[in-house]
Amino acid sequence: MNAVVLDHITKTYDAGKVLAVDDVSLEVAAGELFGLIGPDGAGKTSLFRILTTLLLPDKGTASVNGKDCVKDYKAIRRSVGYMPGRFSLYQDLTVAENLHFFATLFGTTIDANYDLIRDIYEQIKPFSDRRAGKLSGGMKQKLALCCALVHKPEVLFLDEPTTGVDAVSRKEFWEMLRTLKQQGITIVVSTPYMDEAMLCERIALIQEGKIMSVDTPANVIATFPVKLYAVKTDNIYRLLTSLREDAAVDSCYAFGEYVHVTFRDDAAPDLRAWQQSLAAKGHGRIEVKAISPTIEDSFIRLMNEKQNV
Amino acid sequence: MKQLLVFIRKEFFHVFRDKRTLLIMFGLPVVQIVLFGFALTSEVKNITLTVIDQARDVNATQIINKIKSSSYFIVDESAVNYDEVTTAFKKGTAKCALIFPTGFGNDLQHAGQAQVQILTDGSDPNMAKTVVNYLTAILTAYQQEISPGTQLPYRIIPEQRMLYNEEGNGSLNFIPGVMALVLMLVCTALTSVAVVREKELGTMEILLVSPFKPLLVLLAKAVPYLVLSLANFTLILLLAVFVLDVDVKGSILLLFLVSTLFIIACLSIGLMISNTTNSQQTALLLSMMGMMIPTLIFTGFMFPLENMPWIFQWISYVVPSRWYFLIIKAVMLKGLGFSYIWKETLVLLGMTVVALAVALKNFKIRLS
Amino acid sequence: MSDKVIICEALTKQFGDFVAVNHISFDVGKGEIFGFLGANGAGKTTAMRILCGLSYPSSGKATVAGFDVYKQQESIKKNIGYMSQKFSLYENLTVLENIEFFGGVYGLSSAEIRRRSDRLVNKLGLTQEAKKLVGALPLGWKQKLAFSVAIFHDPQIVFLDEPTGGVDPITRRQFWDMIYEAAAAGITVFVTTHYMDEAEYCNRITVMVDGKVEALDTPGHLKAKFGVGSMDEVFYQLARGAKRSAD
């Protein structure tokens, strides 16, 4: 059975003026680690709120564990864990008080499902008497995850858990998610960081309320329709400027120290001649290599395709 | 049940860990009591004056006509004896009375001096003092009119009596007012802010996505403030008795029961406000504008309601604190029992039920 | 030394026993894009506040645009621009009203504001939206507008605090184009980010760990030094050892 089903869901705000979610359909299998990848304002939070029964969709149906998100909201509220986008714990309560409160709220105790949260909770246990407001970003996030897990939910919804968190904490957080997945919990997680997509089993790329692609990260990359090259010179900004004026170039986007380039003549670009033309324009230390795309490349390509339609 | 208890405990943590809330809650009554200790004076217009004319002679009639022609008083001559006057006082339908004893004119013309009695409601000392001053002025003017020159002046000696607050203790009237004000502030403002804070913080989302019944969220929010408000009420009462030497005449139990009802009314209004907004600022502003200011203006403890245009008087009828103020005045200062205040209590109860029903009905089990 | 627009020497900020910024020293040259990285709680925000003239250091020296951070905070503020992810523009003012307001704050004449705002609105392609409320714009546009407003008064330095958080990948790159352009025009860019690929776009970067500057070099040199292929790994190696995390 699918743990999460969205069937033609549409959601608008301000009496229909703002379209947040536009006819979205997707399915998440039980036990899957599923990622919603997209920038702020793409509609990720609206989807989470519909699935967690906090919002009613305008159109379409949604279900979690076979239960309807509108009619069976009480049953869903018993069986899901939810970590909203903002840090949503009581800053003036201590770590232990927060956890105890949420455990009781869900009609359970910390000890009952301690196995599930042990690995995470042990890390923040030394600070259990500290007020949550005084914790670091990474710690707060671990505490929030503990609170969302304390009642052993069947499906866990994490809305941008790694936003505003530094790279080290982000890495740790994803390791925790992988451990949780092994315990059979279905996890739906959203993130604006494209690099995190690779850590999910399947992903949905979402932009302006529409799903652009749903697949495994590997397949999303494999379906990138053209060849991609990474180009590097002594001055990226100057390189970008001249690539944009270059008739042979279809697209060019900065990726770290390289610029990712696709060519109009995708089948047989004359790389040698092209490289010489760059040199002629005064670029130095030119390096061109064929690369396999990243999720971010795919995302950009899909965004452009959507805009051109 | 255990969930509810844990929730309530959490609310107490919030209150006790937030120094500002504590300061507002327990500092405010002290400040108010001290500030209002300097009693307020106010003008009185068109006040109903009960007149008992046992003399029925020329002089008495002339004085009554003079009073009628002044803009200060509306003369009510329906009462015939002293007992009727005191009953009217207890009901609150009369605030002041002037009594001419039999033989008033005779005494004045033959003995050269005569007595009248002025009765005022001491539980509203500002008004009482003003009434006495006006009446004395009218009597003095009359006296001079009928005295030819400076020889053998006729003297009218007004005998004043304040009912209920014979010493004219100025702090009496505002204590029920402060009670209404502080309870209103604590219950309405703090409760609405406490709920809205969860929304602002984002914790409301988690609470809603838990099996905890949404309505219990409101209950859990209300209970701590009910307890704290009763503590607050006790504090004001103690301050009144030990700092301002107020003599609590009525039943303490009745005071507490009525106050609990008023607190629940205020809590319900606070919850109602919290349903309408997602920002603490708006909640606070609404409580202030919607509740505090009407309490100050329309209860009659700062500005006499009798003076207000009829539209304001009508507005005052829907302000819960007005009714609470009347009840507390009656019970605490006049020592009256439930039989005298049941009507006001019924009004307050009705308001509570309506506010609570609206608050519960509008509570959203989802976001927006 | 005249081309150094920021100079820090042993800059320190203490809150009680807690040393938020611990003897940091670095220079930033004119027109440089200077990346300021660090884990949560490493002291980035504190250091940035001092450099923006919003708080005093406990000890050490620093000048920004040639002005002393102890004595000339007001002059510093006139010569810098600031933009953060959290607050940048008034959502309930229109695009033009925001530009006018911030131009006015920095003392530009009305005529100058009009001239520049016309140019800016055209450049951003916001002609249609100029009279719309900023709150109604998509996030990416808001951030681009916020950056333009931050450099509207031609500051010597612009401080950007996580300017691209949550922005879509195309807009993020357009944003960096604007940064490059500003730098090419001689504006020094001091930027913090959580996107490690953006660290690569900087001329030089510092990585702060526990209040100290643990690394300061070009992205290329740092990668070579740590023997890794991406800034992500450089950052991970440096920040992994962080002991504190008071954010």
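Per an unreviewed UniProt entry, the recorded name for chain C is ABC-2 type transport system ATP-binding protein, and the organism is Chitinophaga eiseniae.

In the annotation of an unreviewed UniProt entry, the entry for chain A reads ABC-type multidrug transport system, ATPase component, and the organism field reads Chitinophaga eiseniae. As its UniProt record puts it under Sequence similarities (unreviewed entry), chain A is described as follows: "Belongs to the ABC transporter superfamily."

A. Looking closely at the confidence of the model for chain C. For chain C, per-residue confidence averages 90 on the pLDDT scale, and residues scoring 70 or more make up 97% of the total. Of the two predicted TM-score estimates for the complex, the pTM is 0.81 and the ipTM is 0.85.

B. Quick peek at the packing of helix α3 (residues 58-69) of chain B against helix α5 (residues 104-111) of chain B. All names here are of chain B. Relative to each other, α3 and α5 sit at 110 degrees, their axes nearing to 6 Å. Judged by the inter-axis angle, α3 sits roughly perpendicular to α5. Residue-level inspection shows Val-58, Asn-59 and Ala-60 of α3 in contact with α5, the latter providing Phe-104, Gly-105 and Leu-108. Across the contact of α3 with α5, the residue classes tally to 4 nonpolar, 2 polar and no charged.

C. Representation of the interface of chain C and chain A in the model. With 31 residues of chain C in contact, the opposing surface of chain A contributes 29 residues. Within the residue set of the side of chain C that touches chain A, elements represented by two or more residues are α6 (169-184), α7 (196-200) and α9 (231-239) of chain C. Considering every element that reaches the side of chain C that touches chain A, the biggest residue donor is α6(C), with 6 residues. Residue composition of the side of chain C that touches chain A, by class: 17 nonpolar, 7 polar and 7 charged.

D. Summary view of the domain arrangement of chain A. Taken as a whole, chain A is organised into domain 1 (2-216) and domain 2 (228-292). The straight-line distance from the C-alpha centre of domain 1 of chain A to that of domain 2 of chain A is 40 Å.

E. Examining the interface of chain B and chain A more closely. With 20 residues of chain B in contact, the opposing surface of chain A contributes 23 residues. Of all the secondary-structure elements, those providing two or more residues to the side of chain B that touches chain A are α1 (2-17) and α8 (203-208) of chain B. Here the element with the most residues in the side of chain B that touches chain A is α1(B); it accounts for 7 residues. Of the residues belonging to the side of chain B that touches chain A, the class tally is 9 nonpolar, 5 polar and 6 charged.

F. Quick peek at the packing of α1(B) against helix α9 (residues 214-242) of chain B. Residues and elements named next belong to chain B. At their nearest, the axes of α1 and α9 sit 9 Å apart, and the two run at 50 degrees to each other. Taken together, the axes of α1 and α9 are oblique relative to one another. Taken as a pair, α1 and α9 cross one another with a handedness that is right-handed. For the pair α1 and α9, contact is made by Leu-4, Phe-7, Ile-8, Glu-11, Phe-12 and Val-15 and by Leu-216, Leu-219, Ala-220, Lys-221, Val-223, Pro-224 and Leu-228, respectively. Of the residues contributing to the contact of α1 with α9, the split by class is 11 nonpolar, no polar and 2 charged.

G. Structural context of the pairing of strand β8 (residues 186-191) of chain A. Residue and element names in this part refer to chain A. β8 sits mainly inside the fold: 6 of its 6 residues count as buried. Here β8 shows no split at all, with Thr-186, Val-188 and Ser-190 on one side and Ile-187, Val-189 and Thr-191 on the other all buried. Here 5 bridges tie strand β3 (residues 33-37) to β8, and the two strands are oriented parallel to one another. Its bridge partner being in β8, Leu-33 is matched across the sheet by Ile-187. Judged from the 4 bridges that link them, strand β7 (residues 155-158) and β8 form a sheet pairing that is parallel. By the bridge assignment for β8, Val-155 is matched with Thr-186. With respect to chirality, the unit in which β7 leads through helix α6 (residues 167-182) into the neighbouring parallel β8 is right-handed.

H. Here's a closer look at the nonpolar core. Ranked by size, the top nonpolar core spans 239 residues in total, and within it Leu183(B) and Val189(C) carry the most contacts. Beyond its immediate sequence surroundings of up to four residues, Val189(C) is in contact with Ile33(C), Phe34(C), Val158(C), Leu160(C), Ile179(C), Ala182(C) and Ala183(C).

I. Expanded view of the confidence of the model for chain A. Taken residue by residue, chain A gives an average pLDDT of 92. The fraction at 70 or more is 100%. When mean pLDDT is compared element by element in chain A, β3(A) scores highest at 97, while α6(A) scores lowest at 89.

Definitions and limits used
- Residues numbered from 1 in each chain as written.
- Chains lettered and ligands numbered in written order.
- Predicted model: local features only at pLDDT ≥ 70, side-chain atom pairs only at ≥ 80, totals over all residues.
- UniProt positions renumbered as here; feature names shortened; annotations may be inferred.
- pLDDT = per-residue confidence, 0-100.
- Axes fitted to C-alpha atoms, helices over the stretch in contact; angles between N-to-C directions.
- Helix = DSSP H or I, 4+ residues; strand = E, 2+ residues; numbered from the N terminus.
- Parallel < 35°, antiparallel > 145°, perpendicular 65-115°, else oblique.
- Contact = placed C-beta atoms within 7 Å.
- Nonpolar A, V, L, I, M, F, W, Y, C, P; charged D, E, K, R; others polar.
- Domains from an automatic or database assignment.
- Left-handed = near helix turned anticlockwise from the far one by under 90°.
- Buried ≥ 20, exposed ≤ 12 C-beta atoms within 10 Å, placed from the backbone.
- Pairing = 2+ DSSP bridges.
- Right-handed = clockwise from strand over helix to strand, strands pointing away.
- Core = buried A, V, L, I, M, F, W, Y, C linked by C-beta atoms within 7 Å.

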